[in-house]
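These are the residues of each chain, in order.
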Amino acid sequence: MTTKRWNMNDIDKNQSYIKEAAGILQAGQTVAFPTETVYGLGADATNPQAVSKIFQAKGRPEDNPLIAHVATKEQLQRLVTSIPAYVDKLIAAFSPGPLTFILPSNGICASNVTAGLDTIGVRIPNHPVALQLLKEVDIPIAAPSANISGKPSPTTADHVFNDLEGRIAGLVDGGPTGVGLESTVIDCTQEIPVILRPGGVTKENLESVIGHVLVDPGIIDGEGKPKSPGMKYKHYAPEVPLWIFEGDSNGFQELIEKEQQSNHRVGVLCSNQFAVQLSHDNIYQLGDSMEEIASSLYDGLRYFKQQAVDVIICESLPESGIGQAIMNRLRKASDSTIT
Ligand code: TXA
Ligand code: MG
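The structure reproduced in this document is the subject of the present report. (Residues numbered from 1 in each chain as written. Chains lettered and ligands numbered in written order. Predicted model: local features only at pLDDT ≥ 70, side-chain atom pairs only at ≥ 80, totals over all residues. Heavy atoms only, no water.)

### Considerations on the pairing of strand 12 (residues 242-245)
Here comes step 1: Where burial is concerned, the two faces of strand 12 agree: the one with Leu242 and Ile244 and the one with Trp243 and Phe245 are both buried.
Here comes step 2: By the bridge criterion, four bridges tie strand 12 to strand 15 (residues 311-315) in an arrangement that is parallel. Among the inter-strand pairings, Ile244 is bridged to a residue of strand 15, identified as Cys314. (Buried < 20%, exposed > 50% of the residue type's maximum accessible area, 1.4 Å probe, protein only. Helix = DSSP H or I, 4+ residues; strand = E, 2+ residues; numbered from the N terminus. Pairing = 2+ DSSP bridges.)

Following this line, the structure appears as structure tokens:
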């Protein structure tokens, strides 16, 4: 199929592009669109045939449930049987935003959205294009990240096109996304909520609003059976081995040189501060702040996919705030941590 691409920079045509994209979604086809985290690959969440096209296009395992995207709290309420009081507070504080609520499903969404679970993940994305599109369609839109399964999530329309051109009906190009890492997934079916996937809304952010929040042990130690089915898969991976280096710049430099002596071409991913301490000609600088680093991480992973390198070495980053999500994604993408 030909993938139709709409450029939302074209302000005069925005409204008609949104209507066209909405019509394609309502007709049961797939359309990729920007959110504030990463691009999503959307389809009508109430239509099982439409939803199965997402799994086909991505090559995604069918036991991995999808997030339903809606524009308003009223639309969210239509998909679940009940909403605990703490979720009302979290919605007031963080929605629209990078936070996905796992709640008891009322069965409105197709069973392949929830992979047969009796719960559903729902979020209200904080991106003007996503919100316009979701208001226009007025149906819940199931949308995983718009990448081939196992690859880094897309943070630009070109990332989506490189992975999915010819496999999806449309792509709304709204420029680069902001946060750059997927939403925080929080299980809200218990008295105390549990973070299943760290993301744009941090544990600290959540606790400032509702007090104690638990973290799924599968995230902390990588052991046990993660409750978020997606967390068990090797994810976000570039096609070259990725190592995380814990240590100072002298140790990092030694490792680069050791690899070069074995005739390995090395790509380096690190913060701007670290980059100035290294002497190497193939460094992707992720940025100064942790927010910038989160935002450019997936582009960095994809960048080295196109380079002739034999190994990518990434600086280990501090694990507070958004750093939790950054290190979670890096660990899942990497083969080994070098200390
Ligand atoms: O930021 C995001 O969340 C992006 C954008 C497009 O919204 N979407 C995204 O979707 O990252 P995906 O499919 O790549 O990740 C969804 C995660 C998976 O780890 C999945 O297992 C989990 O959410 N999930 C979805 N429904 C669930 C449920 N009912 N119970 C537990 N985990 C669930
Ligand atoms: Mg994904």
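Okay, back to it.
### Examining the pattern of salt bridges
Here comes step 1: Counted under the stated rule, the structure contains 12 salt bridges.
Here comes step 2: Among the ionic pairs, Arg123 bridges to Glu36, the shortest N-O distance being 2.9 Å. With Arg123 in strand 6 (residues 119-123) and Glu36 in the loop between strand 2 (31-33) and strand 3 (40-44), this residue pair connects regions lying 87 residues apart in the sequence.
Here comes step 3: Among the salt bridges present, the one from Lys73 reaches Asp88, with a minimum N-O distance of 2.8 Å. Of this pair, Lys73 sits in helix 3 (residues 73-77) while Asp88 sits in helix 4 (residues 85-94); the two residues are 15 residues apart in sequence, bridging distant segments of the chain.
Here comes step 4: Judged by relative accessible area, Asp88 falls into the partly exposed class, the value being 30%.
Here comes step 5: Through salt bridges with shared partners, a single network forms among Arg5, Asp158 and Asp173. (Salt bridge = Lys/Arg side-chain N within 4 Å of Asp/Glu carboxyl O.)

### Looking at the sheet that holds strand 9 (residues 184-187)
Here comes step 1: Strand order in the open sheet made by the 11 strands is 1-8-2-3-7-4-6-5-9-10-11, with mixed pairing throughout. Two strands lie at the open edges of the sheet, namely strand 1 (4-7) and strand 11 (214-215), each paired on one side alone.
Here comes step 2: Here strand 2 pairs with strand 8 (residues 170-173) via two bridges, running parallel. Bridged to Val31 within strand 8 is Gly170.
Here comes step 3: Packing of helix 1 (residues 14-26) onto the sheet brings it into contact with strand 1, strand 2, strand 3, strand 7 (141-142) and strand 8, and relative to strand 1 it is tilted by some 150 degrees.
Here comes step 4: Across the sheet, helix 6 (residues 157-164) is in contact with strand 1, strand 2, strand 3 and strand 8; its angle to strand 8 comes to roughly 165 degrees. (Contact = heavy atoms within 4.5 Å. Axes fitted to C-alpha atoms, helices over the stretch in contact; angles between N-to-C directions.)

### Section: the packing of aromatic side chains
Here comes step 1: Applying the stated criterion to the full structure yields four aromatic pairs.
Here comes step 2: Arranged with centres 5.0 Å apart and planes meeting at 70 degrees, the rings of Tyr303 and Phe304 form a pair that is edge-to-face.
Here comes step 3: Note on Phe304: relative accessible area 0%, which makes it buried.
Here comes step 4: The cationic tip of Arg5 hangs over the ring face of Phe161; the distance from NZ or CZ to the ring centre is 4.9 Å. (Phe/Tyr/Trp six-rings, centres within 6.5 Å; stacked < 30°, edge-to-face > 60°. Lys NZ or Arg CZ within 6 Å of the ring centre and 35° of its normal.)

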